[in-house]
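Architecture and fold: a report
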Amino acid sequence: YVMFDTIKANKFPGRVPNKGLWEMFREAISFYINTYDLDGFRFDIGHTLPPQLLQELFSITRSLKKHPIFISEDLFNRNHKAAAKTGYNVMLGSCWKEVSNITKESYEKFINELINLDLYAYACSETHDTPRIVTRAGGKDLARSLGLFNSFLPNGIPFFLTGYEVNEKLPLNCGLADDTNGAKLPKAFFNKLAINWTSEEASSMMNYLVDVMKFREENLEKIKPSNCHVIENEKRNLIIYGYKDEMIFLFNNDKNNSVVVHPSDINLNWTNIKIRFSSVDGLVNQKLSNNSLVLQPMSALCLLRN
């Protein structure tokens, strides 16, 4: 038995290519695009494929789609240049890891990395290989906050794993960032599981995410990476980034304590401020006039100049 990541076809392709298998890959690409009009593909461990084969698959996709999407499984932002050079335009990236143990220092560094990526990365709270975000410290509050805070990250593509919309707790798998300490949880990769799409809670979360996505779509021109910057502040667990002088996103990563923020604390010189989005119900579109903001534990806000 030889692990697929031990002997890699990209480094040891063999003297005689398995042309039959290569042809099956080519046929699969064409079939799924022609049948389902897919926009592109995520290549599982694509970096281990023979380079010639991978480029042929890229070429076939480009011939069938005007703006194809090629997603690399690279797990860390640091690999962005190599992934982009290979031909990918999207990568999984590091977000799955960062959300597993958020600290102010690490997340600010992560956002600065995103600004300078050569391609796009998933802005996600969980993947098919990680525990569910609602099972981590912060629970549903964390899930709602990151649903807002991560959706506007520079060079980020919002990604919601099926079930995130309804605060699903059971994972598909726990191969990455596992914090279950070996617990024998049912996993959808190996067990029959069902998601409850009809609960009142599910409707609330889905409506919230739909509103966030609509707002994002309306402001795509404003959230360019070149406009983004991390806003330094002295609050212990407060993470802030913004786009020029137009919109700001705040996240209080403290699990137990609220944080009070005055505009002067973050060098915000706006005369009037509006809370456009909040992970806490009841605060949306509330106007402030140089008053202090109170972020509850594990909550997030989007501020606009009013």
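Structure shown above.
First, a word on scope: everything that follows refers to the structure included in this document.

Cut-offs applied
- Residues numbered from 1 in each chain as written.
- Predicted model: local features only at pLDDT ≥ 70, side-chain atom pairs only at ≥ 80, totals over all residues.
- Heavy atoms only, no water.
- Helix = DSSP H or I, 4+ residues; strand = E, 2+ residues; numbered from the N terminus.
- Rg over C-alpha atoms; globule rule 2.2 N^0.38 Å.
- Buried < 20%, exposed > 50% of the residue type's maximum accessible area, 1.4 Å probe, protein only.
- Contact = heavy atoms within 4.5 Å.
- Areas by Shrake-Rupley, 256 points an atom, 1.4 Å probe, with all protein chains shown as cover.
- Expected span 1.5 Å × (residues − 1).
- Arc of directions from axis to C-beta.
- Salt bridge = Lys/Arg side-chain N within 4 Å of Asp/Glu carboxyl O.
- Pairing = 2+ DSSP bridges.
- Right-handed = clockwise from strand over helix to strand, strands pointing away.
- Phe/Tyr/Trp six-rings, centres within 6.5 Å; stacked < 30°, edge-to-face > 60°.
- Disulfide = S-S within 2.5 Å.

Here the focus is the overall build of the protein. A tally of regular secondary structure across the protein gives seven helices and 13 strands. Rg of the C-alpha trace for the protein: 21 Å, near the compact-globule value of 19 Å for 306 residues, within the 12% margin. Each principal axis of the C-alpha atoms in the protein carries an extent, and together these give about 70 × 45 × 35 Å. Per-residue burial for the protein yields a buried fraction of 47% across its 306 residues. Considering only contacts within the protein whose residues lie at least 6 apart along the sequence, 68% involve residues at least 24 apart. Approximately 16300 Å² of the protein is accessible, and the part contributed by carbon and sulfur atoms is 50%.

All right, on to helix α7 (residues 200–218) then. Taking 1.5 Å of rise per residue, 19 residues should cover 27 Å, and α7 covers 28 Å from first to last C-alpha, within 8% of that figure. Every buried residue belonging to α7 is among Ala202, Met205, Tyr208, Leu209, Val212, Phe215 and Arg216, and all of these are buried. Looking straight down α7, one finds that the buried residues subtend no more than 165° of arc, so they occupy a single side. Of the exposed residues in α7, those oriented more than 90 degrees away from the buried face are Glu200, Glu217 and Glu218. Turning to α7, the residues buried within the fold contact α6 (139–149), β5 (156–159), β8 (247–252), β10 (273–278) and β13 (300–305).

As enumerated under the stated definition, the model contains twelve salt bridges in all. Among the salt bridges present, the one from arginine 26 reaches glutamate 23, with a minimum N-O distance of 3.0 Å. In this pair, arginine 26 and glutamate 23 both sit in helix α1 (residues 19–36), three residues apart, roughly one turn of the helix. With a relative accessible area of 18%, arginine 26 lands in the buried category. We note a salt bridge from aspartate 37 to lysine 65, for which the minimum N-O separation is 2.7 Å. Here aspartate 37, found in the loop between α1 and β1 (40–43), pairs with lysine 65, found in the loop between α2 (51–64) and β2 (69–72); they are 28 residues apart in sequence, far enough to count as distant. Overlapping salt bridges bring together Glu23, Arg26 and Glu56 as one network.

The side-chain alternation of β5 yields one buried face, formed by Gly156 and Pro158, and one unburied face, formed by Ile157 and Phe159. Inspection of the sheet shows strand β4 (residues 120–124) paired to β5 by four bridges, in the parallel sense. Directly across from tyrosine 122, in β5, lies its bridge partner isoleucine 157. Tracing the backbone out of β4, into α6 and back to the parallel element β5 gives a crossover that is right-handed.

Looking now at the packing of aromatic side chains. In this description, an aromatic ring pair is defined by two values, namely the gap between the centres and the angle between the planes. According to the stated counting rule, one finds 22 aromatic pairs in the structure shown. Considering the side-chain rings of phenylalanine 152 and phenylalanine 249, the 4.6 Å spacing of their centres and the 20° angle between planes classify their relative orientation as stacked. With phenylalanine 152 in the loop between α6 and β5 and phenylalanine 249 in strand β8, the pair connects residues that are 97 residues apart, well separated along the chain. Connected via pairs of aromatic rings, a cluster forms that spans Tyr107, Phe110, Phe149, Phe152, Phe215, Tyr241, Tyr243, Phe249, Phe251 and Phe277.

Moving on: unusual backbone geometry. The phi torsion at isoleucine 45 lies on the positive side, around 40°, for a residue other than glycine. Following the sequence through the fold, isoleucine 45 ends up in the loop between β1 and α2. The backbone of asparagine 167 shows a phi angle near 60°, a positive value even though the residue is not glycine. Checked against the element boundaries, asparagine 167 lands in the loop between β5 and α7. For asparagine 167, a relative accessible area of 9% corresponds to the buried category.

So, on to the sheet that holds β1. With parallel pairing, five strands are arranged side by side in an open sheet as β1-β2-β3-β4-β5. Both edges of this open sheet fall to β1 and β5, since each of them pairs with a single strand only. When β1 meets β2, the two strands line up parallel, connected through four bridges. The partner of phenylalanine 43 across the bridge, within β2, is serine 72.

Per the stated rule, a full pass over the model turns up zero disulfides. Distance from the sulfur of cysteine 124, which forms no disulfide, to the nearest cysteine sulfur (cysteine 95) is 4.8 Å. When its relative accessible area of 0% is taken as the criterion, cysteine 124 is described as buried.

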